[in-house]
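Chains, contacts and geometry: an overview
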Amino acid sequence: MQERLQKVFRKVFNNNNLIITLQTSANDIKMWDSITHMELISEIEVEFNIVFSFDQVMQFNNVGDMLMTIEKLSQNHK
Amino acid sequence: MTFISPLFILFITIVIFVNYLLPPRFRYVFILSVGLVFVGFFNIESLIAVLLFTLFNFYLAKLILNNRALFIFGLAVNALAIILFNYFNSTTNGLHFSFTLISFQIDKFIVAFGLSFYSMQNIAYLTEVYSKRMIAETKLAKYVLYSVFFPKFISGPVMLPVEFISQIDNNVITNNNLIRGFQLLLLGVFKKMVLADRLAPGVCSVFDYHSNYSGLTTLVAAYLFTIQMYFDFSGYTNMALGMAEMLGFKLKDNFNFPLRSTSVSEFWRRWHISLISWFTKYIYYPVVFRLRDYKKIAPLIGILLTFFVSMIWHGIGFTFLAWAVCHIIYLCFESLTRKARTEFSERFNNSLCKMLYIFIVFNLVCFSNIFFRANSFDTALHLIKTIGCNFIPDNFYNGLIAPIAVGGHQIDEFNLYITILLSVLFLLFERRIGNIVSSERINIKYIIGSVLLIMIFGVFNSGTRFIYMQF
Amino acid sequence: MKNFYKILISFFLLLVLFYGLEKLYDFALRHNCNIKIAYIQKEKINAEILIHGPCEPLWMISPEKLDRITGLKSYNLALTHSDFADNYLHLYYYLKNNNAPKYLFFYVTPESMDLNYNTFNTYRFAPYLDNPTVDSVIKECDSNFYKWVRIPFMRYAFYNKNINFDAIQGMKHYFNNRKKPYYVNGYEPPFQVKWDNHLENFIQLYPHGYRFEWNNLREKYLCKLIELAKQNGIKVYLFESPVLKEALQYQPNREVMVNRIKAIATKYGIVFKQFDNMKIAESREYFMSTLNTNLKGSRIFTDSLGAFIKAEIGKANHPE
C-alpha cells in the first residue's frame, strides 16, 4: 500500500525519484504546501477508492497517519 | 503612552519579577489579573466587551457539541464582532491602513483592533470544539487567560487554544527562558525603534503628502514601506514572544524571514504565519476540501475566498480589495504553473537565480503594498502611473533623496543614509542575529550593541513632533 | 552565577558608555559653530540690531543689506520653526555673552500663536540643561523629554535624529579649529527659488479654511521675551512681513489674532509693524509659501524693513 501511495505522491509532485517513509511530512517535500495538499488528498481518494472526511484530513501529520486512515477506510469498503 | 514608555517598562519589569517569584500554581491567576488590568487601563469599555465575549464563547462552547445551529450562531456573533470593530475604526478615524502599523499607538481603537485578533481566536476555539478536535475548556479562568494574555492581545500571534492552554499547567520559568526572552524582547525593540520608526517618515512623506514624485521615488518608497512593515510587525512579534517567554509561555513565531521567499506562496508561508495558518485552516482547507474534485479550480476558489475574507479583516476599502486582487492573481498564477515552475527552478538553481527569484517576489509584494498603504484608490493609481510614465526624476536630489529624507538638508540626507545602512545590514545578518538571540547564553556584545544602537539611532518620539505646517 | 556577573558587567559597561557618550556629545555640540546657540556663546558679535524669529526672518532678512541701509551692525538670530520659548532662550544666551543691542526686531504673526506652527526645539538646548533657566523652560515646554533626563545620554538619545549629525560636525569643527559658521551673520538665503505648492497642500488639508487657536503658553513666552529685552534696555519692535493675499481667504480669524497681538504690543508700549500693504503680497511670483517670500520678494521686503528701521533710528536720534 505504501508503494501505491508513493506512486500518487510521485505523480502529484512531479518527481519520479521521490521516496516516502512513515515519517515524511510537508516539511520534507518542497512542493507540499497547503495549495498542493488538497490535490494530493483528492488523488489519494481516487487511487484507493475511498472518501476522507474533513476531520480525518485535518488530523494528518505525516505519511504514517495517512496510511493508517487509508487502511481503515479500505477495510470498511470490504 | 506608547509601548516604549517609562510606565510600560516599569510595568513589565514588575510583572515579570513578581511572576517569577510566585509559585507556579498561582502564576496564571496573577497573569490573568494583569491582563485584565492591561486591557482595562486603556479603555474600560474594551475590557467589558472582552469579558462579555469571553464569557459568551466559554459557555457557548460547552453547548455546541452536536448542535450545528448554535455553532453557526457562535461563529456569526464573533464574525460580527470583527466587522463591527473594523467598521468602527474606519469611521472614527477615516484610516484605511492596517492596524499593524499603528499597533503601537495605544488608543481606544487599538484595543478594538486587538478584539479582531481575539475574535479569531474565539472562532478557532468554537470550531475546534465543534469538530471534536478539542474538549471544551472547563476552567473559566484558563480560558480567560488564553483570551486576554497581554503580550499577544493587541496584535497576535493567533494561538489555537490547545497550543496555549496546555502551557498554563506546565508553567516553568528557567534562567534560560529569562535570558532568551529578554534578548528577544531587545531585538523587537531594536527593530521597532531603530529600523521601522526611522523608515516611517520617509514612507509617509511619499504616500501621504505626495506631490508629483517620480516613479523611482514611488518605487523606493514602496520598497521601504514593505521593509518598514516587516520590521514593525516582526519587531512587535519579537517583543510579544520575548515577554511571553519571560513569563514561561512559548508563543508561535509569526515570521520566518519572509523577504527571502522565492515565490509568493512561500512568502505567505513565512509572513504573519499565525494569521495565515488561521485562514488556511478555517477558510482555505474547508473550501478546497469540499471542491477537491474540481482539481485545478478548487485551489483558485480557495485562494479567492481566503483573500476576500483576509481583505475584509484588514479593513474595508478599495485599496484592500486591490491588494487582495494582486495576491489572488499571483497565487493563482503560481498554482496553475506549479509544475513548470518547479522544473524551471530545478534547472536554474544557483544562488544568483535564487537572488533573482527573491528580487522578483519582493517586487511583486511591494507592488501590491502600494495599494495597501495608499490612502485612497486614486492615490494608489496615481502613484503607479508615475512608475510607468515618469520614472526618472528631473533632479535626482530634489526628486528622490529629499522627499524620502523628508528634508533637503545635509542632516536629513545623513539620517536617511544611516537608516538605509542599518536596515540593509540588519537584513543581511538577520539569521546570525536570530541565532545569537535564540541561543540560551547571555551575549554581552549583543546586549550592549543593541542598547547602544537603540539609544544613538532609535526614534523615541515618533510622530509627536512632526508638524506639517512647519516653517 | 556566571549569568549574574554577565548581567552586572553589561549594566555597568552600559552606564559608563552612556555617561562617556553624553560628555562627548556635550563637547561636540558646544563646538559646532553652525549651531547658533553655541556660536553666540563663543563669539562676541555685539550687534546693534537683532533680527529674531522663526524661519521667515531667517530666510528673508540679510544683515548685510540691512547694514548698508541703516548704517548699523545687525545680526540675524532667527532659527527655523522655532517658537517663542525657543527664541527666548536664544536671546537669553545671546545677552549672556554679548552687549545688548539697541534694537530688537522680532517677527510675530497669528501663526506663531498657534501650536500647529513652529515648535520648541528641545534638542537645541539639551547641552545646557545645567542652566536653571534652560531647565525650567524645558520642564514647562517639553515635559515628555524632561522626565527622562536623569538617565545618562537620554537627553541626546531622545532627539537623536536632530543631533547625531551636528555632534559629528562639531567634532569636525573642533579638529579643524573652525571658528566661524557657514552663514556668518546668521542669515540663510532661501533654498527654494519658486513656489512649492504650499498653499495647494494647505487647501487640501483645510478645505474650509483654518481657524487659528491662540495658545497661552506661546503668549507667556512672547511676553517673557519682550520683558527680557526691555530689562536689558533694548528697544523692541514686533513685525510681520507680507502675507500672500491669496491665502487670506482661508484664514477666517486672522484679524482677530492680529488684534490680540496688537494688544500685547500696546501693553508693553511697543510697536507692532505690519507690512501688509506691499504690492508683492498680491503675486505668487514673490513667494515660496504663504508666509515666506522667495529671494526676489525678500530683497524687496528687506528694503522696506530697512527703510522703516532707518526711519525709527532717525526718530530715536532726533525726537521731535
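First, a word on scope: everything that follows refers to the structure included in this document. (Residues numbered from 1 in each chain as written. Chains lettered and ligands numbered in written order. Predicted model: local features only at pLDDT ≥ 70, side-chain atom pairs only at ≥ 80, totals over all residues.)

Here we take up the overall build of chain C. Counting its regular elements, chain C contains 14 helices and five strands. Relative to a compact globule of 320 residues, whose C-alpha radius of gyration would be 20 Å, chain C shows 22 Å and is just as compact. Referenced to the eigenvectors of the C-alpha coordinate spread, the extents of chain C come out at roughly 80 × 45 × 40 Å. Counting only residues that meet the buried cut, chain C has 42% of its 320 residues in that class. For chain C, restricting intrachain contacts to residue pairs at least 6 apart in sequence, the fraction spanning at least 24 positions comes to 80%. (Helix = DSSP H or I, 4+ residues; strand = E, 2+ residues; numbered from the N terminus. Rg over C-alpha atoms; globule rule 2.2 N^0.38 Å. Buried ≥ 20, exposed ≤ 12 C-beta atoms within 10 Å, placed from the backbone. Contact = placed C-beta atoms within 7 Å.)

Turning our attention to the pairing of strand 1 (residues 49-52) of chain C. Residues and elements named next belong to chain C. Residues of strand 1 alternate between two faces, with Ile49 and Ile51 on one and Leu50 and His52 on the opposite face, all of them buried. Note: strand 1 against strand 3 (residues 103-107), four bridges, orientation parallel. Across the sheet, the residue bridging to Ile49 is Tyr103, located in strand 3. (Pairing = 2+ DSSP bridges.)

It is worth spelling out the sheet that holds strand 1 of chain C at this point. Residue and element names in this part refer to chain C. A sheet is described by the order of its strands in space; here five strands give the open sequence 2-1-3-4-5, paired in parallel fashion. Edge strands, defined here as strands with exactly one partner in the open sheet, are strand 2 (74-76) and strand 5 (271-274). Taken pair by pair, the neighbouring strands of this sheet meet at an average axis angle of 20°, ignoring direction. With three bridges joining them, strand 1 and strand 2 adopt parallel strand pairing. Paired with Leu50 across the two strands is Tyr75, which belongs to strand 2. (Axes fitted to C-alpha atoms, helices over the stretch in contact; angles between N-to-C directions.)

One turn of the α-helix equals 3.6 residues, which is why residues spaced by three or four share an orientation. Residues and elements named next belong to chain C. Counted at 1.5 Å a residue, the expected span for helix 13 (residues 254-268) with its 15 residues is 21 Å, and the 22 Å between its end C-alpha atoms agrees. Taken together, the buried positions of helix 13 are occupied by Arg254, Met257 and Ile261. All buried residues of helix 13 fall inside an arc of 70° around its axis, so they share one side. Residues of helix 13 that are exposed and angled more than 90 degrees away from the buried face: Glu255, Val256, Asn259, Ala263, Thr266 and Lys267. Immediately beyond the C-terminal end of helix 13, within one or two residues, lies Gly269, with a positive phi of roughly 65°. (Expected span 1.5 Å × (residues − 1). Arc of directions from axis to C-beta.)

Quick look at helix 9 (residues 160-175) of chain C now. With 16 residues, helix 9 of chain C extends 22 Å from end C-alpha to end C-alpha; this agrees with the ideal 22 Å at 1.5 Å per step. Taken together, the buried positions of helix 9 of chain C are occupied by Asn160, Lys161, Ile163, Asn164, Ala167, Gln169, Gly170 and His173 of chain C. Tucked into the core, helix 9 of chain C has its buried residues touching helix 19 (410-428) and helix 21 (444-457) of chain B together with helix 1 (2-30) and helix 8 (154-157) of chain C. Taken from the residues just after helix 9 of chain C, Asn177 of chain C is the one with a positive phi, measuring 55°.

Of note in the backbone geometry, Phe257 of chain B takes a positive phi value of approximately 50° without being a glycine. When you line up the elements, Phe257 of chain B lands in the loop between helix 10 (215-246) and helix 11 (264-270).

It is worth spelling out the arrangement of the chains at this point. The interface with the highest contact count, out of two pairs of chains in contact, is the one between chains B and C. One thing to see here is that chain A and chain C don't touch, and their nearest C-alpha atoms sit 36 Å from each other.

We now examine the interface of chain B and chain C. In many analyses, interface size is given as the accessible surface area lost on bringing the parts together. Taken together, the contacts link 27 residues of chain B with 30 residues of chain C. Counting only elements with at least two residues in the side of chain B that touches chain C, the list comes to helix 9 (175-207), helix 19 and helix 21 of chain B. Residue contributions to the side of chain B that touches chain C peak at eight residues, all from helix 21 of chain B. When grouped by side-chain class, the residues that make up the side of chain B that touches chain C number 19 nonpolar, seven polar and one charged. (Nonpolar A, V, L, I, M, F, W, Y, C, P; charged D, E, K, R; others polar.)

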